[in-house]
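So you can see what is in the structure, the chains are spelled out below.
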Amino acid sequence: MLSIKRHKKLFTLAIIIIALSCAGLSGYLIAKNEPRVVDEADDVSSAVPVAADEARIANDATVEWDYEYMMCCHHIYVSCAVGEDMAGLTFSELSEAYPDIKIVAFGTDTLVLKKTFDCYCPEHYILKKYRDALAVYRTALGTDKQYVYIEISVAFDVIDDEQQQVLEAGKVFNNLADIESYLEDIET
């Protein structure tokens, strides 16, 4: 049988090795979930083609939008006709007119554009305070603007303080059934 007094140096070394291993493993797991410090290089498909400044967007061109919503990490893809404000623009004119839009692909007949929003996508429902009651909000497609989807006749002041703090900021749900069950829970 090993005696701690007899093998004090070996026991201390084992404890140090275990502590360093735990610290290294936890550091690795924490760093793995953090965003990258250096952005990855853009792929070749987003490179500007030669003579892009001579090509102009046709009046009957198609725009394929990629709306990225950062809070839920969802992408919504929409294909539509080019608007009058984009028709006739060159690559440089388009990038100057819309600095918040990433041009993924540029062609006279087809554009692929990406826009990023720092909110939840329109597929989510956000329950939060509205005047002296509650309301369900949704995000309008292609924007970061929220609108009242449904007003709920639950007085805000009858909800306990902890839930009031949550609902001041807004609570996110995937469907209306989840909101109904949540409201039943806070009312009882």
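Below: a short report on this structure. (Residues numbered from 1 in each chain as written. Predicted model: local features only at pLDDT ≥ 70, side-chain atom pairs only at ≥ 80, totals over all residues. Heavy atoms only, no water.)

**Description of the overall build of the chain**
As a reminder of what qualifies: Segments assigned H or I by DSSP are reported as helices when at least four residues long, segments assigned E as strands when at least two residues long, and all are numbered from the N terminus. Throughout, exposure labels follow a simple rule: accessible area from a 1.4 Å probe, protein chains only, divided by the maximum for the residue type, with under 20% read as buried, over 50% as exposed, and the rest as partly exposed. For this analysis, residues touch if any pair of their heavy atoms sits within 4.5 Å. Per-residue and other accessible areas were derived by the Shrake-Rupley procedure at a 1.4 Å probe size, with only the shown protein chains allowed to occlude residues.
Each helix and strand in the chain was counted, giving four helices and eight strands. Order of helices (α) and strands (β) in the chain, N terminus to C terminus: α-β-β-α-β-β-β-β-β-α-β-α. Residue burial in the chain is summarised as follows: out of 188 residues, 30% are buried. Pairs at least 24 apart in sequence give 52% of the contacts found in the chain among residues at least 6 apart. For the chain, the accessible surface area stands at approximately 13200 Å², while carbon and sulfur atoms represent 55% of it.

**Things to note about the pairing of strand β5 (residues 125-130)**
Test applied: At least two bridges found by DSSP between two strands are what make those strands a pair.
Of all six residues making up β5, five are buried, and the element is well covered by its neighbours. Judged from the three bridges that link them, β5 and strand β8 (residues 171-173) form a sheet pairing that is antiparallel. Across the sheet, residue Leu127 finds its bridge partner in β8, namely Lys171. When β5 meets strand β6 (residues 133-139), the two strands line up antiparallel, connected through five bridges. The residue of β6 that forms the bridge with Tyr130 is Ala133.

**Quick look at the nonpolar core**
What counts, and what does not: Joining through side-chain atoms within 4.5 Å is the link that ties buried Ala, Val, Leu, Ile, Met, Phe, Trp, Tyr and Cys residues into a set, and such a set is a nonpolar core.
If you look at the biggest cluster of nonpolar residues, it comprises 23 residues, and the most contacted ones within it are Ile57, Tyr69, Met86, Leu94, Leu111 and Leu113. Looking at this core, the elements that each hand over two or more residues are β1 (62-69), α2 (91-97), β3 (101-106) and β4 (110-117). The biggest single contributor to this core is β1, with four residues. Here Ile57 is in contact with Val82, Met86, Ala87, Gly88, Leu89, Leu94, Phe106, Thr108 and Leu111, once residues within four sequence places are set aside. If you look at the next biggest cluster of nonpolar residues, it comprises 14 residues, including Leu127, Val136, Phe156 and Phe173.

**Let's talk about the sheet that holds β4**
Backbone hydrogen bonds hold the strands of a sheet together, and the pairing may be parallel or antiparallel. Quick reminder of the rule: Fitted lines through C-alpha atoms give the axes, limited to the stretch in contact for helices. The angle between two N-to-C directions lies from 0 to 180 degrees.
In space, the four strands of this open sheet follow the order β2-β1-β4-β3, with mixed pairing throughout. Of all the strands in the sheet, just β2 (74-81) and β3 have a single pairing partner and so form its edges. Ignoring which end each strand starts from, the neighbouring axes of this sheet average 20 degrees apart. As defined by bridge partners, β1 adjoins β2 across eight bridges and the pair is classed as antiparallel. Paired with Val63 across the strands is Cys80, a residue of β2.

**Some points on a negative patch on the surface**
In plain terms, the rule: Each patch groups residues whose relative accessible area exceeds 30% and which form no salt bridge, using 9 Å between like charges and 5 Å between nonpolar side chains of Val, Leu, Ile, Met, Phe, Trp and Tyr. Each salt bridge in this description consists of a side-chain nitrogen of Lys or Arg and a carboxyl oxygen of Asp or Glu lying within 4 Å of one another. As used throughout, the charge tally considers Lys and Arg to be positive and Asp and Glu to be negative, leaving His and the chain termini uncounted. For charged residues, the charge sits on one atom: NZ in Lys, CZ in Arg, CG in Asp, CD in Glu.
A contiguous patch of negative charge, built from Glu180, Glu184, Asp185 and Glu187, is present on the exposed surface. Among the structural elements, Asp185 can be located in helix α4 (residues 176-187). With a relative accessible area of 57%, Asp185 lands in the exposed category.

**Thoughts on unusual backbone geometry**
Residues apart from glycine generally show negative phi values, whereas peptide bonds are mostly found in trans. Positive phi outside glycine occurs at Cys73, with the angle close to 60 degrees. Within the fold, Cys73 resides in the loop between β1 and β2. By relative accessible area, which is 59% here, Cys73 ends up exposed.

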